Amino acid sequence: MATPLLAQPAAGSELLGVPVSQRNGVLEVLSMRRDPFSFAERRTEQYGDVFAMNALGVRVVTAHGAEAASEILMNRDRAFVNGPAWSYFIGPFFNRGIMLLDFDEHRHHRHIMQQAFSPNVLKGYFAEMQPVIADRVAAFPVGQVKLFDEFKDLTLDVALEIFLGIELEKSEADRLNKAFIETVRAGVALVRKPVPGGRWWKGLRSRKILEEFFYQHIEAKRAAQTPDLFSVLCHAESDDGHRFTDEDVVNHMIFVLMAAHDTSTITMTQMAYRMAEHPKWQARARAQSMELDPTLGYDDLAGMTVLDDVMKESLRMCPPVPAQPRMAVKDTEVQGYFVPKGTMVVIPQMANHRDPRFYRNPDAFDPERFSPERAEDKGHRMAWTPFGGGVHKCIGLYFAGMEIKTILHNLLLDYEWSVPAGYRLPMDYSALPVPKDGLPVTMVRRS
Ligand code: HEM
């Protein structure tokens, strides 16, 4: 029997119809979560690069490959939007976050927000962040340590310090952390209704707590300029004199906290894992860090070329945002396939990052593929897209590099860490890719 199509292209059109997998949607999602790489391989073998399936109650078209990513992300005929696509997953909790805005409204907000990520402002964040990180990393435990958990706590502390710039009582910081974590977790709830006690319900309750917190502090933040993101967003002004309203600042703060947190934690976890699995890369990165002044300066970050390549390769093998959804707002096409208005389309960048057309031996950890001589990531402008592409490309990518490299630099100077021979990090791909076991390593303090 012929595979059913998502929609029939118009008579006389040269476009192809998107084939729809007839497998049970829940089983498909479970199979994808178990092993996204072999899932992608099997399905593309059967259907080609563009196919549809039922997932979490919606029909989703997955469009594999750098060319498809380019068509969708560059969005030349303005057929794709973020709002309704991302809202499906995180909407009520990250309502009106910048990633959920589109076209003119998005451009307007991005223009103002850009001020909070300019090089000079980043230097200000760095000055605040560097001593906090050095102290916190120096106090890491030794022996058997779950590094993912340590990174998660540390990035939350950095976020509170650098993003909020508010001295909090421990109980208040804990309350805020809990609200933040519950808000993030709600997006991947299986029961997507506010059933009391459930993830969705907790997410909505926690979003309220975060909103109340930010509204409570906004007047003071507007009154004085301080080097934290909260204050910078309150004062940021575009060239044409526009500023964010109080409501905008609150929505953006909640969204940026989320966007910055798990993504950086996941990247560091992957880097630490790979450097434990391949000690020669740990040694190389450490040698470079040891050449720098122990009190790291902002300009030193550019010299950490080994950590740069380890970070790029870790982001290639395990991009923290594994896929990017978009919604077609008019009939359009992707790679010669007809995509009707109202279709959810997903770019599977985790699978795209293993494309043998660009990457030699793509399942192997090999940071040298980013060397100027090989530059495998440059084979196509969408071959390496951990930070996305097009107008929504991650606004915090330099912030992320700065935080991640500062933390890893301190870790390399203070400790050596290892995993047992043959250890493989067990991954949970049900939402963002996190280790099931917290990445247990043996940490030894360097004398
Ligand atoms: C390694 C860490 C990070 C990764 C892998 C990452 C990845 C991404 C990706 C893939 C997108 C685009 C999503 C889409 O187009 O659908 C994005 C957007 C965004 N990221 Fe990041 N991110 C990281 C860190 C950060 C940090 C540290 C911040 C803030 C301090 C941040 C703030 C944002 C914001 C505000 C957007 C939305 C931009 C827009 O819609 O205009 N991210 N990020």
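Heads up: the structure comes first, above all this text.
Residues numbered from 1 in each chain as written. Predicted model: local features only at pLDDT ≥ 70, side-chain atom pairs only at ≥ 80, totals over all residues. Heavy atoms only, no water.

1. Some words on the coordination of the iron atom of the ligand
Phase 1: Protein coordination of the iron atom of the ligand rests on one atom only, Cys394 (SG), at 2.3 Å.
Phase 2: Looking at the element boundaries, Cys394 is found in the loop between α14 (349-352) and α15 (397-414). (Donors = N, O, S within 2.8 Å, 3.2 Å for Na, K, Ca; no water. Helix = DSSP H or I, 4+ residues; strand = E, 2+ residues; numbered from the N terminus.)

2. With respect to the site of the ligand
Phase 1: Around the ligand, the structure places 29 residues, and the nearest of them are His106, Arg110, Arg326, His392 and Cys394.
Phase 2: Trp86 places a side-chain nitrogen or oxygen 2.8 Å from an oxygen atom of the ligand.
Phase 3: In this structure, Arg326 approaches the ligand through a side-chain N or O atom, which is 2.8 Å from an oxygen atom.
Phase 4: Every element with two or more residues in the shell around the ligand is listed here: α5 (103-113), α11 (246-277), β6 (324-328) and α15.
Phase 5: A total of 6 residues in the shell around the ligand trace back to one element, the largest contributor, which is α11.
Phase 6: Partitioned by chemical class, the residues of the shell around the ligand number 19 nonpolar, 8 polar and 2 charged. (Near = heavy atom within 4 Å. Polar contact = N/O pair within 3.5 Å; in protein donor to acceptor, adjacent residues only side chain to side chain. Nonpolar A, V, L, I, M, F, W, Y, C, P; charged D, E, K, R; others polar.)

3. A closer look at empty space enclosed by the protein
Phase 1: Evaluation of the coordinates by the stated rule reveals 2 cavities of 30 Å³ or more.
Phase 2: The calculated volume of the largest cavity comes to roughly 60 Å³.
Phase 3: Elements with a contribution of two residues or more to the lining of the largest cavity: α7 (147-164), α8 (170-186) and α9 (199-223).
Phase 4: Among the residues forming the lining of the largest cavity, the class breakdown is 8 nonpolar, 1 polar and no charged. (1 Å grid on protein atoms, 1.4 Å probe; cavity = no way out; pocket = protein on both sides within 12 Å on 5 of 7 lines; lining within 4 Å. Points joined across faces, edges and corners; volume = space filled by probe spheres on them.)

4. Focus on the packing of aromatic side chains
Phase 1: Within the structure shown, the criterion is met by 16 aromatic pairs.
Phase 2: An angle of 80 degrees between the planes, with centres 4.9 Å apart, marks the rings of Phe93 and Trp200 as edge-to-face. Of this pair, Phe93 sits in the loop between α4 (83-90) and α5 while Trp200 sits in helix α9; the two residues are 107 residues apart in sequence, bridging distant segments of the chain. Each member of the pair, Phe93 as well as Trp200, is classed as buried. (Phe/Tyr/Trp six-rings, centres within 6.5 Å; stacked < 30°, edge-to-face > 60°. Buried < 20%, exposed > 50% of the residue type's maximum accessible area, 1.4 Å probe, protein only.)

5. Notes on the nonpolar core
Phase 1: Phe163, Leu164 and Trp417 are the most contacted members of the largest nonpolar core, which totals 103 residues.
Phase 2: In terms of residue count, the dominant contributor to this core is α11 (15 residues).
Phase 3: In this structure, Trp417 is in contact with Leu147, Ala272, Met275, Ala276, Gln282, Arg286, Leu408, Leu411, Leu412, Val441, Thr442 and Met443, ignoring residues within four places of it in sequence.
Phase 4: In terms of nonpolar packing, the next biggest core, distinct from the first, is built from 21 residues, Leu6, Ala68, Tyr337 and Met382 among them. (Core = buried A, V, L, I, M, F, W, Y, C linked by side-chain atoms within 4.5 Å. Contact = heavy atoms within 4.5 Å.)

6. Quick notes on the pattern of salt bridges
Phase 1: In total, this model carries 26 salt bridges according to the counting rule given.
Phase 2: The partner of Asp308 in a salt bridge is Lys405, with the nearest N and O atoms 3.0 Å apart. Taken together, the positions of Asp308 in helix α13 (residues 305-317) and Lys405 in helix α15 put the pair 97 residues apart, joining distant regions of the chain.
Phase 3: Residue classification places Lys405 among the buried positions, given a relative accessible area of 7%.
Phase 4: Ionic contacts of the salt-bridge type, sharing partners, join the residues Glu313, Arg316, Asp366, Arg369, Arg374 and Glu376 into one network. (Salt bridge = Lys/Arg side-chain N within 4 Å of Asp/Glu carboxyl O.)

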